[in-house]
Amino acid sequence: MSATPRHAVAKPGRPRVAALLTGLLLAAAGPARAEIDFQRDVRPILARHCFPCHGPDEGSRKAKLRLDRREFAVRDEKADWRAIVPGRPDESPLVRRIEAEDPDDIMPPPKAKKPLDDRQKAILRQWVAEGAVYTEHWAFQKPVRPEPPPVKRADWPRNPIDRFILSRLEQEGLEPSPEADPVTLLRRVYLDLIGLPPTPEEVDAFLKDGSPDAYEKVVDRLLASPHYGERWARRWMDLARYADSNGYEKDRERSIWPWRDWLIRALNDGMPFDRFTIEQMAGDLLPDATLSQRIATGFHRNTMINEEGGNDPLEFRFHAVVDRVKVTGAAWLGLTLGCAQCHSHKFDPITHRDYYRFMAFLNNADEPRIDVPDPEITRRRKEQQRRIDELEADLENRFPPELRADWFTPARVRAQAESGVEFDHLADGSFLALGPAAGKDVYTAELELPAGRYTHLQLEALPDSTLPHGGPGRSDGGNFVLSEVGVALAPATGEGEDQPLRLARADADFAQSGYAAYKAIDGRKDTGWAVSGDGNWHVARRLTVQLAEPLELDQPRRLVVRLHQQHGSKHLLGRWRLAVGRELPDPRPMALRRREHLDRRLARWIDRELPRVVRWEPLEPH
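Residues numbered from 1 in each chain as written. Predicted model: local features only at pLDDT ≥ 70, side-chain atom pairs only at ≥ 80, totals over all residues. Heavy atoms only, no water.

With that settled, consider helix H16 (residues 352-363). Between the first and last C-alpha of H16 there are 16 Å, a value that for 12 residues agrees with the 16 Å anticipated at 1.5 Å per step. Taken residue by residue, H16 has Tyr355, Met359 and Leu362 as its buried positions. In a view along the axis of H16, the buried residues occupy a sector of 60°, so they form one face of it. Turned more than 90 degrees away from the buried face of H16 sit Arg353, Arg357 and Phe361, all of them exposed. Those residues of H16 that are buried lie in contact with helix H15 (313-333). (Helix = DSSP H or I, 4+ residues; strand = E, 2+ residues; numbered from the N terminus. Expected span 1.5 Å × (residues − 1). Buried < 20%, exposed > 50% of the residue type's maximum accessible area, 1.4 Å probe, protein only. Arc of directions from axis to C-beta. Contact = heavy atoms within 4.5 Å.)

Have a look at this one:
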């Protein structure tokens, strides 16, 4: 509907054509309202068309005019000038300017490209005529229970909420829809309350229940279901930015699920909204705060966390607090507080100063980690700790300090190979395999031991220039795989079977990945000890085997050692030497011995890795 032509400025005493036009426009817009509502009808118009230049933000305010607050728009009757004269729209500059036709007078100005339509002008005129009543945003008003409106069909409502619905339907000239059939009704209430449809069995039970309160019983049961809290917690979790990971580039896992569970319990228990608010805002500040109340403050711990190595923790704490201001404003006030981070809000009564005062309040909060004990988890932790204590106590046995032993290589040693390969017995007591290598083999050595006490056997794998890549193995790469070591005591008389000796553990100064020393005594032929590695690994290596029980000899005896090599092709020892020894007592404290052992291992590792280190020299451009 187009506006009736008029002069740019209405004069007092002229016929109230504008007032008549207002009534016509409002009637055309829909059913007549008893009065204009500021929040519903007026504020949206002012916020979109007027507040950018005449709102809360003093940085963009024009003509020193504020229309967002009544005391500035109306002032008092003694003021030299005021934009609104309550009850007298024709005397109000605001009404005259929005109804003006002269481009130099009309508001909003044409260059703003936000013109008011005729209906919006009519609403503003009627609002001024009714007294220009301002009301606060709902977030700043104490909730007041409204009285249910009167309705014509008094028999239709079943509760007060029905009366509000019916009143609006009657206002629009509509009739309520017929009641849904029982199955549809049941499905709707299930989806509304728990987010899941009813099962066929639940539908059958509802249809068979002929009691007048069958529906009410279903509602009560669903409200008591834990699924009720799970469904409705989702909405609040979205507002709070809930996530099980930290966000940003690493996005590591976070354990904030206790707050999620608190929220679900709060909804299932029907926690009053004031307590719901207080505990999430400042539950830890309540007198004698419980663990549950402290967990509730996790609402403010859902912001993203940046764990990138080069970040500035204070910078990202600032970003986290900024997000908490936004979340709090949106969740509890329905306001976009974030706009005031850069300037006073253009549409809501939040100043730049107010924003940072509120931000400072949230920035004062600590961010502690809270243990949330659970009986089952506590039990499992105790069990795991007990196991940890046992393993730590056994570390001395699993990772003993370096062995101090009295080693010697028997002068009389004989060696032979199952494949028939011959050995050259060298002056240092080692054996060098000669001729073509077999695919797999078993070396047997017999050592003549004098009477004495023996606790360990040592095998040295030695490099040699006659072997591939210098050895110590005979494979194409110079490696070997010792599948199994067997040790036995030959009969004293030379007749009968050998007596096997049990082996307790095996250690090596180096082992190839996947070929640890212990695999040489694990009783399996498909595993073993090998020495290939990074860099130059064609060096001497030692495998030390401990007897399960010391070997006590009161007379000379023969010790038989079998070296099984059953891996791949030609993965055999090329040059090797055996020695036996007895462990020497060491009176030094175990901690000192272990530290010395670790220092030696570190030194060996450094010697091995040092050749790989590249020295970088910075260059200056010229």
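Before going further, it helps to examine unusual backbone geometry. For residues besides glycine, phi is generally negative; the peptide bonds are generally trans as well. With an omega dihedral of -5°, the bond running from methionine 107 to proline 108 counts as a cis peptide bond. Along the chain, proline 108 falls in the loop between helix H5 (93-98) and helix H6 (118-129). Phi angles above zero are rare outside glycine, and lysine 113 is one such case at about 55°. Along the chain, lysine 113 turns up in the loop between H5 and H6. On the accessibility criterion, lysine 113 (71% relative accessible area) is exposed.

As a further point, take the nonpolar core. Residues Leu543, Leu559 and Trp576 are the most contacted members of the largest nonpolar core, which totals 40 residues. At the level of secondary structure, the elements contributing two or more residues to this core comprise strand E2 (413-417), strand E4 (431-433), strand E5 (441-449), strand E6 (452-461), strand E7 (484-489), strand E10 (541-553), strand E11 (557-565) and strand E12 (575-583). Per-element accounting of this core gives the leading share, five residues, to E10. Leave out the neighbours within four places in its chain, and leucine 543 touches Leu457, Gln458, Leu459, Leu482, Val485, Ala506, Asp507, Ala508, Ala517, Ala520 and Trp529. (Core = buried A, V, L, I, M, F, W, Y, C linked by side-chain atoms within 4.5 Å.)

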